[in-house]
Amino acid sequence: MSHGGLTTVGPPSKLRWAAVIHTCNGRCGTSGRAVTFDVSVPRYLLAKSVGAVTNHVVFGAASGLRMRDLRMPALPGPNWVELDVVRAGICGTDVGTLTYDVSPILEPFGSFPAVLGHEILARVRAVGPAVRSVTPGQRVAVDPLISCQVRGYGESDWCRACTNGRAALCHRAGEPGPQAVGGHPLRPGMTIGYHGDLPGGWGERLFAHETQLHVVPDAVDDHTGVLLEPLAVAVHGVLHAPPDRDVPVLVIGSGAIALGTVWALRALGHRGGIVLQAKRAREQELGVRLGATEVVAPSQARAVLTATGARGYKPMVGPEVFAGGGFPLVVDCVGSRASLDQAMRYTSTGGSVTMLGCAAVVRRLDLTLLWARELSLRGAVGYGREQWHGRAMHTFAITLELLQATDAPVAEIVTHSYPLDRYRTALASARHHQDSGAIKVVFTPPEFRRAP
C-alpha cells in the first residue's frame, strides 16, 4: 500500500522507501528507525478541538506520529551521501506542525508522510562515486533546503532564486523534480524534514545531496553543531537587514533564534546596545553572556523604551502609543500578534522590523503605525549565498567561521536531550517549555545505531 513517497511492506508499522534508480557503487540501502508524521483532516479536527489540553492527541496514539522501522534505499545518484544522525533539533515550527498551528498557506510546498527534523548534525556513512566534498567519517551540518540542483535540474534550468544561491525561495518548490527517488520523480517540497521522499533528522539515518552538506570542524562540539541551522537563520536575518553598527537594537523572544540573533549581532560586529526581551531568568542570563547589553521581562520593556526618549500617550480606546525615541531596529523572533504589535510600537520613526518568528495567521493586528511611522517590515527566511567581507559565502560557512572566532557559550542553548525512543517526552518538553525550562531540545539517535 502506498502513502505518497513511502511504500508499506507487511504490517503497517514497517515502512520502507522503494528502491531508487541510481546506486552508490552497487551498495544496497540500510535499515534504521525514525519518527514519522502524517497529516489528515480528522487528526486536524482532533488536534484543534482537544489537542490544547492533552499531549496524547498531538504526540500519542491518536496522532499521526509514529516510531517506525524504515528501510533506507540505495543513494538516488552519484552526488548523494548517506548519513548517520548525530544530533537533531526540535524547532518551534515542528511543534506547530504537529499541533496544526501553522498556516496552511505553505501546504503545497511539503509532502507527507515524512520523517521530521530539519536541524541536523550527522556523520558521513557512505558517498556516491561523484562526491568530492565530503568523506566517510566526517561530521556535517545539513542544509535542509531543496534547490533546483537537488531536484535534478541542470544549471541552465535553475530558477532565478537558486541561481542567486537562495534555495529557500526556490520557484519549483511546488513541482515534482526530475531526480528519481523511490522509482518516481522527487515530490514537491521546500525542505528536508517536511518531505515524503527525503527523510529528516528524527531518525537514525538519512541521505542528502553533497551540496547540502557543510563539514563541521572538530573544534565545534555536537551541541553547537546541531545549532548551526537555527544560528544560520539568525545570521541571515542580521545580514539581510543589517543595522548601523552603533544604533540600539531590541530583540523579542526567548528561544534559540532570539538568543542566536543576539550572538549573531555581536559576532558580526554590532557595537550598539542590544536589549533582549525574554521571559525567564535562564534565557535572560544566557542572553547577557551571548552579548546583550540589557535583558528585560515583557513587563519591564516599557521602561527600556522610555529610556530611549519615547513618550507615552493613551488613546481614548486601546493600549498606549509612543512618539520620539524608540529602536531603529526591532527583531521579532516570536511572530505572534502581541510581538508584532509591540515591535511596531517600539520601532523609531522610519525604522525597521525584521520578522524571524514564523508568524502565521495574525488576526486583529493594527497596522496603522506601519504607514503612520513609515516603518519597514521585512521577513527573513532560511539561509543561502551571502556577501560577507567581499566574499560570496553560504550562511552556514559564515556561521562556522563566527563560531570559531568567538568564545560565546552558544552550546548552552541546548538544554534538553533525549534518545529517539523518548520522542513523546522530548516533544512535550519543547511544547511546554514554560514548565520544562527548555530552550532547545535535541534528539540523540545514536542510542539506536545498528551495525551496517
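Note that the coordinates shown come from a computational prediction; the quantities given were computed from them, not determined experimentally.

Thresholds, definitions, all that
Residue numbering note: each chain is counted from 1, following its sequence as written. Local features are withheld for residues below a pLDDT of 70 in this predicted model, meaning they are given only at 70 or higher, and side-chain atom pairs are given and counted only at 80 or more; totals for whole chains, interfaces and linings count all residues. Neither water nor hydrogens contribute to the side-chain values; these are computed over all heavy atoms in the structure. Helix and strand labels come from DSSP, where a helix needs a run of H or I of at least four residues and a strand needs a run of E of at least two; each type is numbered from the N terminus. Burial here depends on accessible area, computed with a 1.4 Å probe over protein chains only, as a share of the maximum for the residue type. Under 20% is buried, over 50% is exposed, and the range in between is partly exposed. Any pair of residues with heavy atoms lying within 4.5 Å of one another is described as a contacting pair. Whether two strands pair depends on DSSP finding at least two bridges between them. All axes here are fitted lines through C-alpha atoms, helices being fitted over the stretch that makes contact, and every angle between N-to-C directions spans 0 to 180 degrees. One side-chain nitrogen of Lys or Arg within 4 Å of one carboxyl oxygen of Asp or Glu is enough to make a salt bridge. Here the nonpolar core consists of buried residues drawn from Ala, Val, Leu, Ile, Met, Phe, Trp, Tyr and Cys, with membership extended through side-chain atoms lying within 4.5 Å. pLDDT is a per-residue confidence score from the predictor, ranging from 0 to 100.

## Describing the overall build of the chain
Thinking step 1. Broken down by element type, the chain carries 15 helices and 25 strands.
Thinking step 2. Looking at the chain residue by residue over its 452 residues, the buried ones come to 55%.
Thinking step 3. Expressed as a percentage of contacts within the chain between residues at least 6 apart in sequence, the contacts between residues at least 24 apart total 71%.

## Let's talk about the sheet that holds strand β16 (residues 294-296)
Thinking step 1. Spatially, 6 strands are ordered β16-β15-β14-β19-β20-β21 in an open sheet, and the strand pairing comes out parallel. On the outer flanks of this sheet lie β16 and β21 (376-379), each paired with one strand and no other. Across the sheet, the axes of successive neighbouring strands diverge by a mean angle of 20°, strand direction being ignored.
Thinking step 2. Of the strand pairs in this sheet, strand β15 (residues 274-277) and β16 are connected by 3 bridges, and their pairing is parallel. Across the sheet, residue Gln-277 finds its bridge partner in β16, namely Val-296.
Thinking step 3. Against the sheet, helix α11 (residues 337-346) makes contact with β14 (249-252), β15, β19 (327-332) and β20 (347-355), and its axis sits at roughly 150° relative to β20, the strand it touches most.

## Focus on the side chain of Arg-345
Thinking step 1. With respect to the helices and strands, the residue Arg-345 is situated in helix α11.
Thinking step 2. Ignoring anything within four residues of it in the chain, the contact list for Arg-345 reads Leu-305, Pro-319, Glu-320, Val-321, Phe-322 and Leu-369.

## Here's the deal with the pattern of salt bridges
Thinking step 1. What the rule picks out here adds up to 14 salt bridges.
Thinking step 2. Of the charged contacts in the structure, one is a salt bridge between Glu-82 and Arg-125, with a shortest N-O distance of 3.5 Å. One end of the pair, Glu-82, is in strand β6 (residues 80-90); the other, Arg-125, is in strand β8 (residues 119-127), and 43 residues separate them in sequence. The pair Glu-82 / Arg-125 is uniform in exposure class, with both members buried.
Thinking step 3. Residue Arg-139 is joined to Asp-222 by a salt bridge in which the shortest nitrogen-to-oxygen separation is 2.8 Å.

## Regarding the nonpolar core
Thinking step 1. By size, the foremost hydrophobic cluster in this structure holds 52 residues, and its most contacted members are Val-251, Trp-263, Leu-276, Leu-290, Val-410 and Ile-413.
Thinking step 2. The set of elements that each furnish at least two residues to this core consists of α7 (228-240), β14, α8 (256-267), β15, α9 (281-290), β19 and α13 (395-405).
Thinking step 3. The dominant element in this core, judged by the number of residues it contributes, is α8, at 8 residues.
Thinking step 4. Dropping the residues within four chain positions of it, Ile-413 is found in contact with Leu-227, Ala-256, Leu-259, Gly-260, Leu-286, Leu-290, Ile-439 and Lys-440.
Thinking step 5. Residues Val-115, Val-140, Val-181 and Leu-186 belong to the second largest nonpolar core, which totals 50 residues.

## Concerning the confidence of the model for the chain
Thinking step 1. For the chain, the average pLDDT comes to 88, and 87% of its residues sit at 70 or higher.
Thinking step 2. The model gives residues 1-28 a pLDDT under 50, and that stretch makes 71 contacts with residues more than four places away or in other chains.
Thinking step 3. In the model, residues 448-452 has pLDDT below 50 throughout and makes 16 contacts with residues more than four positions away in sequence or in other chains.

## Things to note about the pairing of β8
Thinking step 1. β8 sits mainly inside the fold: 8 of its 9 residues count as buried.
Thinking step 2. In this sheet, β8 lies alongside β6 in antiparallel orientation, the contact comprising 8 bridges. Counterpart to Leu-83 in the pairing with β8 is Val-124.
Thinking step 3. With 3 bridges connecting them, β8 and strand β9 (residues 139-142) associate as antiparallel partners. Paired with Leu-121 across the bridge in β9 is Ala-141.

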